[in-house]
Amino acid sequence: MGWRKAAITGVGVSRQGKYPDETPNSLAAEAFVAALDDAGLRREDIDGLLTMPGTKSPEGAKHYLALGELLGINPVLTGSLSMGGATAGALIQQAALAIEAGMATTVACVFGDTAKTGGSRFNADAGTEGDSWGIWGMFGNAANSAFGAQRHMALHGTTSEQLGWIAVTTRKHASMNPAAIMRKPITIDDHQDSRMIVDPLHMLDCCIISDGAVAIIVTSAERARDNASTPVDVWGMGQGHTLVKLGTPDWWYLPHQADCISRAYRMAGVSPEEIDVAQLYDNFTISVLFWLEHAGFCKPGEAGPFVEGGTRITFGGELPVNTAGGNLSESYMQGWLHVVEGVRQIRGECGERQVDDAQLCLVTGRGMTLNTASCLILGGDR
């Protein structure tokens, strides 16, 4: 059942936080070594390198050159890609397809960033060159998501308190994660009292900014079974894009995200009811609401009541979500840590935050002014 021709065999995470003495590539090297150790591989076993430049990486599209030199790799397959929060999923998909085609055997997908040290802020012009939305007063990624949140509230009666339950619940999960940056529990009152960023999004509706790195090693499903770690198969993959942006009347609802997930479901041969745990890209709390509806866990307009109280989206509930804390509380690695947590849940390595009998995990990512999305369905043997 499912595609299952490639598997994730190693995951590695660097220190997360603020590290002014590090560079994106030095942190990436730290994560790469950790991923090799996890898989029980040597550097010489890696013949593919796919990278995502960090916000402070000067190399841009040529980032693979600098990182490959640092890691000491001459790969048969390489390149760099930047699709914002959708990049981790997209690079894993590229690696999986290259492995199936015989272009590589074992591919490292790597991201490193020093956004916290570099002073990154999500308050720049929200548009792209030659297509600025700044003339409409839309500055920063929070403004894009606030637009969708306002519309969802107007149409469906969604409330700020319901968004708050996402922040409260993911912080609860982060409190159980020793590696999370934000571990102090918060309440709905804390959420409501936090300062407004872009109405209706409060500060606690917004993700944190971090230095750190992640490496994920992909190989064939057969080869993965000979490695040291428990293999996690790629059951399904999908992408979705809305490049016309404001020319699409329902752009605010991001329908391409639903298309992305439906493609992954078809490839995996599974339905929403079979998903045990979900790692949903959460640059803002409203993102989780949209993903829940797009993935079919509830009907359009019903995600607010679905998350209210937090019981459905935590351990023992219908669908535990962002079990390590997500972008909101664990660390902001542009969705890469969502994949890592998905792998660890399927392996059963998460300790007190482990979801019972987690067999299938949905992992989503989105980025680039909300125009692009990627999706993975990860699973073990069953």
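All values derive from a computational prediction rather than experimental measurement. (Residues numbered from 1 in each chain as written. Predicted model: local features only at pLDDT ≥ 70, side-chain atom pairs only at ≥ 80, totals over all residues. Heavy atoms only, no water.)

### Describing helix 3 (residues 87-100)
At 3.6 residues per turn, the α-helix brings residues three or four places apart onto the same side.
Then comes step 1: The end-to-end C-alpha separation of helix 3 is 20 Å, in line with the 20 Å expected for 14 residues at 1.5 Å each.
Then comes step 2: Among the 14 residues that make up helix 3, eleven are buried, leaving the element largely enclosed by the rest of the structure.
Then comes step 3: For helix 3, every residue scored as buried is listed here: Thr-87, Ala-88, Gly-89, Ala-90, Leu-91, Ile-92, Gln-93, Ala-95, Ala-96, Ala-98 and Ile-99.
Then comes step 4: Taken from the residues just after helix 3, Gly-102 is the one with a positive phi, measuring 80°. (Helix = DSSP H or I, 4+ residues; strand = E, 2+ residues; numbered from the N terminus. Expected span 1.5 Å × (residues − 1). Buried < 20%, exposed > 50% of the residue type's maximum accessible area, 1.4 Å probe, protein only.)

### Some details on the pattern of salt bridges
Then comes step 1: Taken as a whole, this structure holds eleven salt bridges when the rule is applied.
Then comes step 2: Of the charged contacts, one joins Arg-15 and Glu-30 as a salt bridge, the two residues approaching to 2.9 Å between their closest N and O atoms. Here Glu-30 lies in helix 1 (residues 24-39) and Arg-15 lies in the loop between strand 1 (6-13) and helix 1, a separation of 15 residues in the sequence.
Then comes step 3: We classify Arg-15 as partly exposed; its relative accessible area is 35%.
Then comes step 4: Between Glu-349 and Arg-347 there is a salt bridge; the shortest N-O distance is 3.5 Å.
Then comes step 5: Accessibility expressed as a relative area gives 46% for Glu-349, which makes it partly exposed.
Then comes step 6: Take Arg-347: its relative accessible area is 11%, and that puts it in the buried class.
Then comes step 7: Residues joined by salt bridges that share partners form a network here, namely Arg-4, Arg-225 and Asp-233. (Salt bridge = Lys/Arg side-chain N within 4 Å of Asp/Glu carboxyl O.)

### What about the packing of helix 5 (residues 160-174) against helix 9 (residues 285-294)?
Then comes step 1: Interhelical geometry of helix 5 versus helix 9 gives an angle of 100° and a closest axis separation of 9 Å. By the angle class used here, helix 5 and helix 9 are roughly perpendicular. Contacts from Leu-163, Ile-166 and Ala-167 in helix 5 reach Thr-285, Ile-286, Val-288 and Leu-289 in helix 9.
Then comes step 2: When grouped by side-chain class, the residues that make up the contact of helix 5 with helix 9 number six nonpolar, one polar and no charged. (Axes fitted to C-alpha atoms, helices over the stretch in contact; angles between N-to-C directions. Parallel < 35°, antiparallel > 145°, perpendicular 65-115°, else oblique. Contact = heavy atoms within 4.5 Å. Nonpolar A, V, L, I, M, F, W, Y, C, P; charged D, E, K, R; others polar.)

None of the figures reported here should be taken as evidence of function without further support.
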